[in-house]
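Topology and contacts: notes
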Amino acid sequence: MPSYNIKTEDGLSHSPGQNSLLGYSSFNSSAPSQALYSYSTHGSSISPGIFQGTNAITGSTPFNQAQQDFPAYSSYSPSQYSPYYNTHHYNSPYITGSNLSPATITAPLAYQHPEHPVTLPNHSPEPHTGEYHPPPSPPTPGKEEGPARRSTDGKLRGRKRVNDPAPPLDSDIERVFVWDLDETIIIFHSLLTGTFSTRFGKDSSKAVSLGLWMEEMIFNLADSRLFFNDLEECDQVHIDDVASDDNGQDLSTYNFGTDGFQTPVGAGSMCLGSGVHGGVDWMRKLAFRYRRVKEIYNTYRNNIGGLLGSPKREEWHQLRREMEVLTDLWLTQALKALALINSRPNCVNVLVTTTQLIPALSKVLLYGLGSVFPIENIYSATKTGKESCCERVAQRFGRRAVYVVIGDGVEEESVAKKKNMPFWRVSCRADLEALSHALELDYL
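Since this is a predicted model, take the numbers as computed values, not measurements.

Turning next to the pairing of strand β2 (residues 175-179). Burial analysis of β2 places five of its five residues in the buried class, the great majority of the element. Where β2 meets strand β5 (residues 402-407), five bridges bridge the pair, whose relative direction is parallel. Among the inter-strand pairings, W179 is bridged to a residue of β5, identified as I406.

What follows is the structure in structure tokens.
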């Protein structure tokens, strides 16, 4: 199998005895004190010593303000998040059914232009009523509209170049959980390097074998379905970063193989990083590919087996089973925490990974994470770094939201400290169990 230069999560912390912590780094410059959760799987009560440290708790004593390492963070409550837009402060300029009745209208008023008087004939036998009828929506532009489309509807449909295509501020979101991918949610890179088997006493040859198998499936899916051969040198941070170059053309019969996107000479030099691109026609073809990737992801995010087809689907099932056995259900525990967050209407999961965007999407699909990560919530930090990605996420969801960073590496911890965001370290499966436990008890 040819080698691929995938940028994986690096700079990872791999100390087996490391505690999981929720650090609020704004209190001081030194490392915060650590609160170790122990997750009890037997019985419904909280086991003694659920916090180990200066504030030990015994029995099932409920938590109070003084027993938490970071009282400032625990003070967040739903009552403090007032609606961002109080509608009673604004008077609507529109006429609604509640303040308009047929009795208030004596006769229809025709618009009179000062130079060209117009008489409004009544061709309809139906009487005029006080109901408001919104104007019809403009028709969706089609390919037959001609060259004027690029300068009018094409601009609108092509979407202005903004940081994110989603609403500029998701004002209903109160808490954003920013996740790392490799060695936090999934186990992949450490299988290939042998780190995982060394730390947790697993069969090294088996771990490497499964890692290589998963790597082959990741790149096979990326190459065959997600245009990675075309897009490897044109990596983007976000799926819609080139959407403004898309003219909205119907792609149902579009032939990506013969559109001349890659030329035999100088194809790799057409996109050399930030700010260096090809011509308008080439950029439009690039945008077409990212739009098709988005369509494929949204279609198969909950049904990757349908995208793989047989016999790849059966191989994928077997690989997932063997990896879960080897990693002691690491992914299952991570999915539990992700699902708890996803079930809250005011919380959202966001993924920031140093893997290139297309292989990252392939990983998300193959590890069954599509249901908890909409494609709009996936960011690749390969080009810009995680700090820049976190700034984009904060710009998108606004300053009122609380951001919690979850990861295993030094980079995400450093970003969390710099941005004054709580950080939850994941260094072993028990840290994911503790995270789920904290979510179930509404501590996060």
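Our focus in this paragraph is the packing of helix α12 (residues 386-397) against helix α13 (residues 410-418). Look at α12 against α13: their axes get within 9 Å of each other, and the N-to-C directions meet at 50°. Considering their axes alone, α12 and α13 lie oblique with respect to each other. Handedness of the crossing formed by α12 with α13: right-handed. Within the contact between the two elements, α12 uses K386, E387 and C390 and α13 uses E411, E412, V415 and K418. Here the contact of α12 with α13 is composed, by residue class, of two nonpolar, no polar and five charged.

Right, let's get into the pairing of β5. Within β5, six of the six residues are buried, leaving the element largely enclosed by the surrounding structure. The two faces of β5 match: V402, V404 and I406 on one face and Y403, V405 and G407 on the other face are all buried. Both β5 and strand β6 (residues 423-425) contribute to a ladder of three bridges, which runs parallel. Pairing of G407 across the sheet is with R425, part of β6. This β-α-β element, β5 to α13 to β6, shows right-handed connectivity.

In this model helix α5 (residues 204-225) runs 31 Å from its N-terminal to its C-terminal C-alpha over 22 residues, within 8% of the 32 Å that 1.5 Å per residue would give. Of all the positions in α5, only A207, L210, G211, M214, E215, M217, I218, F219, L221, A222 and D223 are classed as buried. Elements that come into contact with the buried residues of α5 comprise α3 (189-193), α4 (195-200), α6 (228-231), α8 (304-308), α9 (312-326) and α11 (357-366). Positive phi appears at F227, one or two residues downstream of α5, with a value of about 60°.

Analysis parameters
Residues numbered from 1 in each chain as written. Predicted model: local features only at pLDDT ≥ 70, side-chain atom pairs only at ≥ 80, totals over all residues. Heavy atoms only, no water. Buried < 20%, exposed > 50% of the residue type's maximum accessible area, 1.4 Å probe, protein only. Helix = DSSP H or I, 4+ residues; strand = E, 2+ residues; numbered from the N terminus. Pairing = 2+ DSSP bridges. Axes fitted to C-alpha atoms, helices over the stretch in contact; angles between N-to-C directions. Parallel < 35°, antiparallel > 145°, perpendicular 65-115°, else oblique. Left-handed = near helix turned anticlockwise from the far one by under 90°. Contact = heavy atoms within 4.5 Å. Nonpolar A, V, L, I, M, F, W, Y, C, P; charged D, E, K, R; others polar. Right-handed = clockwise from strand over helix to strand, strands pointing away. Expected span 1.5 Å × (residues − 1).

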